[in-house]
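Summary of the model geometry
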2 protein chains.
Amino acid sequence: MKFIAEIQVMPQKEILDPQGKAVLMGLKNLGIHNVTDVRVGKHIRMELEAADEETARQEVEMTCRKLLANLIVEDYTYHIYPSQT
Amino acid sequence: MKFIAEIQVMPQKEILDPQGKAVLMGLKNLGIHNVTDVRVGKHIRMELEAADEETARQEVEMTCRKLLANLIVEDYTYHIYPSQT
């Protein structure tokens, strides 16, 4: 069965996010002053074959921990759903 | 009123995604062979003050078009919700 995993990897709350700060400054230069905070992270969309959703979840969990997120400075969240096609 | 916008900026379907290909190769090196496709994009979490959700939506739309996404090679999606705090 085919699943889609939508994964977000974001800098942890306590960690300074220079890319977010750059976006915030860019917004001020555009004349937008009511944005109070911006954090920039990664979004990963993964297609995988798995017997069931639990198996898919385990693989996505392992992928996040071993490859996608640096757990010292980043957090990850994801959701998994069956692919329509 | 305070709103949170969760924005995803992803490479368009037709566009080659070298970062996604790199993740796919990394997965194979980890012994995970059942992932068929990976696309890597950006996730942006934005906090903003706005009178109502429609105003917030317009600002997020403008931010995406002018600052966050390169519309030639990227697509964006977002959802906006009132902040709890």
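Structure first, text after, so check above.
Summary of the structure given here. Computed from a prediction, not measured in an experiment: that's the story for all the values here. Starting from 1, residues in each chain are numbered consecutively following that chain's sequence as written. All chains are assigned letters beginning with A, and all ligands numbers beginning with 1, in the order in which they are written. For a predicted model such as this one, the threshold for reporting local features is a pLDDT of at least 70, and the threshold for listing and counting side-chain atom pairs is 80 or more; totals across whole chains, interfaces and linings nevertheless cover every residue. The side-chain numbers reported here are obtained from all heavy atoms of the structure, hydrogens and water having been left aside.

**Some details on the sheet that holds strand β2 (residues 35-49) of chain B**
The following threshold applies: Two strands are said to pair when DSSP picks up at least two bridges between them. Starting at the N terminus, helices and strands are each numbered in turn, a helix being any DSSP run of H or I of at least four residues and a strand any DSSP run of E of at least two. Note on definitions: angles span 0 to 180 degrees between N-to-C directions of axes, and those axes are lines fitted to C-alpha atoms, for helices only across the stretch in contact.
Pairing is antiparallel across the open sheet formed by 6 strands, whose spatial order is β3(A)-β1(A)-β2(A)-β2(B)-β1(B)-β3(B). Pairing within the sheet leaves two strands with one partner each, and these edge strands are β3 (74-82) of chain A together with β3 (74-82) of chain B. The average angle at which neighbouring strand axes cross in this sheet is 20 degrees, direction not considered. Judged from the 9 bridges that link them, strand β1 (residues 2-11) of chain A and β3(A) form a sheet pairing that is antiparallel. Following the sheet pairing, V9(A) is matched in β3(A) by Y76(A).

**Description of the relation of the copies chain A and chain B**
The criterion, for reference: In this comparison the copies share one frame, found by least squares on the C-alpha atoms of residues holding pLDDT of at least 70 in both. Contacts are assigned to residue pairs with any non-hydrogen atoms lying within 4.5 Å of each other.
Between chain A and chain B, the superposition needs a rotation of 180 degrees and an axial shift of 0.0 Å, giving an RMSD of 0.0 Å. What the rotation and shift describe, once combined, is the action of a two-fold rotation axis. Among all residues of chain A, the minimum C-alpha distance to the rotation axis is found for K42(A), at 2.2 Å. Most of the interface of chain A is mirrored in chain B, where 100% of its interface residues again form contacts.

**Notes on a nonpolar patch on the surface**
To keep things clear, this is the line we draw: Patch membership is restricted to residues that have no salt bridge and whose relative accessible area is over 30%. Joining uses 9 Å for like charges and 5 Å for the nonpolar side chains Val, Leu, Ile, Met, Phe, Trp and Tyr. Only the protein chains shown count as cover for residues, and the accessible areas themselves come from Shrake-Rupley with a 1.4 Å probe. Whenever Lys or Arg places a side-chain nitrogen within 4 Å of a carboxyl oxygen from Asp or Glu, that contact is recorded as a salt bridge. Think of it in three bands: residues with accessible area under 20% of the maximum for their type are buried, residues over 50% are exposed, and the middle band is partly exposed, with areas taken using a 1.4 Å probe on protein chains only.
A surface patch of nonpolar side chains, about 200 Å² in accessible area, is lined by L30(A), M62(B) and L67(B). A residue is classified by how much of its surface remains accessible, and M62(B), at 31% relative accessible area, is partly exposed.

**Focus on the packing of helix α1 (residues 18-29) of chain A against helix α2 (residues 53-68) of chain B**
So the rule is basically this: Roughly parallel covers angles under 35 degrees, roughly antiparallel covers those over 145, roughly perpendicular covers 65 to 115, and oblique covers all other angles. Polar here means any residue outside two lists: the nonpolar Ala, Val, Leu, Ile, Met, Phe, Trp, Tyr, Cys and Pro, and the charged Asp, Glu, Lys and Arg; Gly therefore counts as polar.
Between α1(A) and α2(B), the least distance of the axes is 11 Å, while the angle of their chain directions is 105 degrees. Looking at the two axes, α1(A) sits roughly perpendicular to α2(B). Of the residues in α2(B), those touching α1(A) at V23(A), G26(A) and L27(A) are T63(B), L67(B) and L68(B). Its residues assigned to classes, the contact of α1(A) with α2(B) shows 4 nonpolar, 2 polar and no charged.

**A closer look at helix α2 (residues 53-68) of chain A**
Applied cut-off: By arc we mean the arc of the directions from the helix axis to the C-beta atoms, nothing more.
Within α2(A) the residues assigned to the buried category are A56(A), V60(A), T63(A), C64(A) and L68(A). All buried residues of α2(A) fall inside an arc of 100 degrees around its axis, so they share one side. At its buried positions, α2(A) is contacted by β1, β2 (35-49) and β3 of chain A together with α1 (18-29) of chain B.

**Considering the pattern of salt bridges**
Residue and element names in this part refer to chain A. In total, this model carries 12 salt bridges over all chains according to the counting rule given. Salt-bridge contacts for E54 lead to R57; the nearest nitrogen and oxygen are separated by 3.3 Å. A residue pair is termed a helical-turn pair when its members lie 3 or 4 positions apart in one helix, as E54 and R57 do in helix α2 at 3 residues.

**Overview of the interface of chain A and chain B**
The condition is simple: By the criterion applied in these results, polar contacts are pairs of N or O atoms within 3.5 Å in which, for protein atoms, one can donate a hydrogen and the other can accept it, and in which residues neighboring in sequence qualify only through two side-chain atoms.
Listed per partner, the contact involves 32 residues of chain A and 32 residues of chain B. The interface formed by chain A and chain B holds 12 residue pairs in polar contact (both at pLDDT 80 or more) in total. If you list the elements that add at least two residues to the side of chain A that touches chain B, you get β1, α1, β2 and α2 of chain A. Examining the composition of the side of chain A that touches chain B, we find that 15 residues originate from one element, β2(A), more than from any other. Summarising the sheet, β2(A) and β2(B) pair through 13 bridges and their orientation is antiparallel. Bridge assignment links M46(A) to a residue of β2(B), and that residue is V38(B).

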